[in-house]
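Residue strings, one per chain:
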Amino acid sequence: MTSVTLVRRIAARPAIVFDAMTTAEGIAAWWGPDEGPVLLAESDPRVGGRFRVRFRMLDDSEHESSGEYLQVEKPERFAMTWRWTGDEDEGGHSRIDVELRAIEEGTEITFVHSRLASEATRVSHGEGWTGALDKLVRHFETAAA
Amino acid sequence: MVNYSLDRTFAALTDPTRRAILARLEAEEQASVSDLAQPFAIKLPAVMKHLDVLDEAGLISRSKAGRTVTVRLNPEPMREAMAWLQRYERFWSKGLERLTAHAEAQERAARAAEAKAAKARGEGQ
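Only a predicted model underlies this, so the values are computations on that prediction, with no experimental measurement involved.

Participant: Residues and numbers for the overall build of chain B, please.
Facilitator: A count of helical and extended segments in chain B gives five helices and three strands. When the helices and strands of chain B are read in sequence order from the N terminus, they spell out α-α-β-α-α-β-β-α. Principal-axis analysis of the C-alpha atoms gives chain B an extent of 95 × 35 × 20 Å. Expressed as a percentage of the 125 residues in chain B, the buried residues total 41%. The long-range fraction of contacts in chain B, counting pairs at least 24 apart against all pairs at least 6 apart in sequence, stands at 55%. Of the accessible surface of chain B, which amounts to about 7,100 Å², a share of 51% is contributed by carbon and sulfur atoms. Positive and negative charge centroids in chain B, built from 20 and 17 side chains respectively, lie 2 Å apart.

Take a look at the structure:
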């Protein structure tokens, strides 16, 4: 129930978006939250296949995550387990589910990162945060357990 | 800042009765245990059990005056949980922006290649 869902529209056909997200070449071209480079990208997009990506951010910090494909139905959807490398001793895997829906302008992508509570062992401190308690309560009210 | 256990916070929040209790405390600032129990079709000891879970997660505090136990919301663990979820949301939001730019460039390249192939076929006829 602890999950983050993002829906975006992309002016590209589902097969192109699918390859961009599941092939090593595709992942290497965009992965990460900023302009920092992808240092390593491995992906074997079939059920049971592994996924691993390492990237450096502009603040010089390096991060690596890995997982295993649980479902691969090109170009409509895929699912994988997911964890930050180095977190092996800190709880279980989270899960990523991606759905790609063909729309007139290209693709509507629904990206869900769920089971985040299984990773919830590191707390982010010192981040600016303004009262979103009501938002959180609503979030948990609507997110059926 | 006290380091609340996020997994304990999330575990406490999985139960709809406990979420309803928190939502009520958010609206009313404080309530007695019997007031809190009143809307639920469960017995007082069951409510007490839920309050224990919320207390252990640091989500509420209880104070006793005479025979009345007053319950208050402690929002700090929820703030931390929210900040933590928001960090993931920012991470993926930025990533999807970059994915979008990349996939749209690939789409333009694919269309250009298709147009060129169609033109070549047209000229070949």
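Anyway, onward from the coordinates.
Participant: Got a sec to walk through the environment of Leu36(B)? Specific residues and values, please.
Facilitator: All names here are of chain B. Its place among the elements puts Leu-36 in helix α3 (residues 33–37). Leu-36 sits in the buried class, given a relative accessible area of 1%. Residues in contact with Leu-36, not counting those within four places in the same chain, are Ile-21, Arg-24, Leu-25, Ala-31, Leu-51 and Val-71.

Participant: Would you mind going over the layout of surface pockets in detail, with residue names and values included?
Facilitator: Quantified by volume, the largest pocket comes out at close to 350 Å³. Along the walls of the largest pocket sit 13 residues, with Met57(A), His63(A), Trp84(A), Arg87(B) and Phe91(B) positioned nearest its centre. When contributions to the lining of the largest pocket are tallied by element, the ones reaching two or more residues are β4 (62–73) of chain A together with α5 (76–124) of chain B. No other element matches α5(B), which puts five residues into the lining of the largest pocket. Of the residues contributing to the lining of the largest pocket, the split by class is five nonpolar, two polar and six charged.

Participant: Mind laying out the nonpolar core, listing which residues take part and the relevant values?
Facilitator: In terms of nonpolar packing, the biggest core is built from 37 residues, with Met21(A), Trp31(A), Trp82(A), Trp92(B) and Leu99(B) touching the most fellow members. Trp31(A) has contacts with Val38(A), Phe51(A), Val53(A), Phe55(A), Ser65(A), Trp82(A), Trp92(B) and Arg98(B), leaving out every residue within four places of it along the chain. Grouped together as the second largest cluster of nonpolar side chains are 18 residues, Ala12(B), Val33(B), Leu54(B) and Leu73(B) included.

Participant: Go over the sheet that holds strand β2 (residues 60–65) of chain B with me, naming the residues and quoting the values.
Facilitator: Adjacent strands of a sheet pair through backbone hydrogen bonds, lying either parallel or antiparallel. Residues and elements named next belong to chain B. Spatially, three strands are ordered β1-β3-β2 in an open sheet, and the strand pairing comes out antiparallel. Bordering the open sheet on either side are β1 (30–32) and β2, each of which pairs with just one other strand. Between one strand and the next, the sheet's axes are offset by a mean angle of 25°, whatever the strand orientation. Across six bridges, the pairing between β2 and strand β3 (residues 68–73) is antiparallel. Among the inter-strand pairings, Ser-63 is bridged to a residue of β3, identified as Thr-70. Packed on one face of the sheet, helix α2 (residues 16–28) meets β1, β2 and β3 and runs near 90° to β3.

Cut-offs and rules
Residues numbered from 1 in each chain as written. Chains lettered and ligands numbered in written order. Predicted model: local features only at pLDDT ≥ 70, side-chain atom pairs only at ≥ 80, totals over all residues. Heavy atoms only, no water. Helix = DSSP H or I, 4+ residues; strand = E, 2+ residues; numbered from the N terminus. Buried < 20%, exposed > 50% of the residue type's maximum accessible area, 1.4 Å probe, protein only. Contact = heavy atoms within 4.5 Å. Areas by Shrake-Rupley, 256 points an atom, 1.4 Å probe, with all protein chains shown as cover. Lys, Arg positive; Asp, Glu negative; His and termini not counted. Charge placed at Lys NZ, Arg CZ, Asp CG, Glu CD. 1 Å grid on protein atoms, 1.4 Å probe; cavity = no way out; pocket = protein on both sides within 12 Å on 5 of 7 lines; lining within 4 Å. Points joined across faces, edges and corners; volume = space filled by probe spheres on them. Nonpolar A, V, L, I, M, F, W, Y, C, P; charged D, E, K, R; others polar. Core = buried A, V, L, I, M, F, W, Y, C linked by side-chain atoms within 4.5 Å. Pairing = 2+ DSSP bridges. Axes fitted to C-alpha atoms, helices over the stretch in contact; angles between N-to-C directions.

All we've got here are geometric facts, nothing functional implied.
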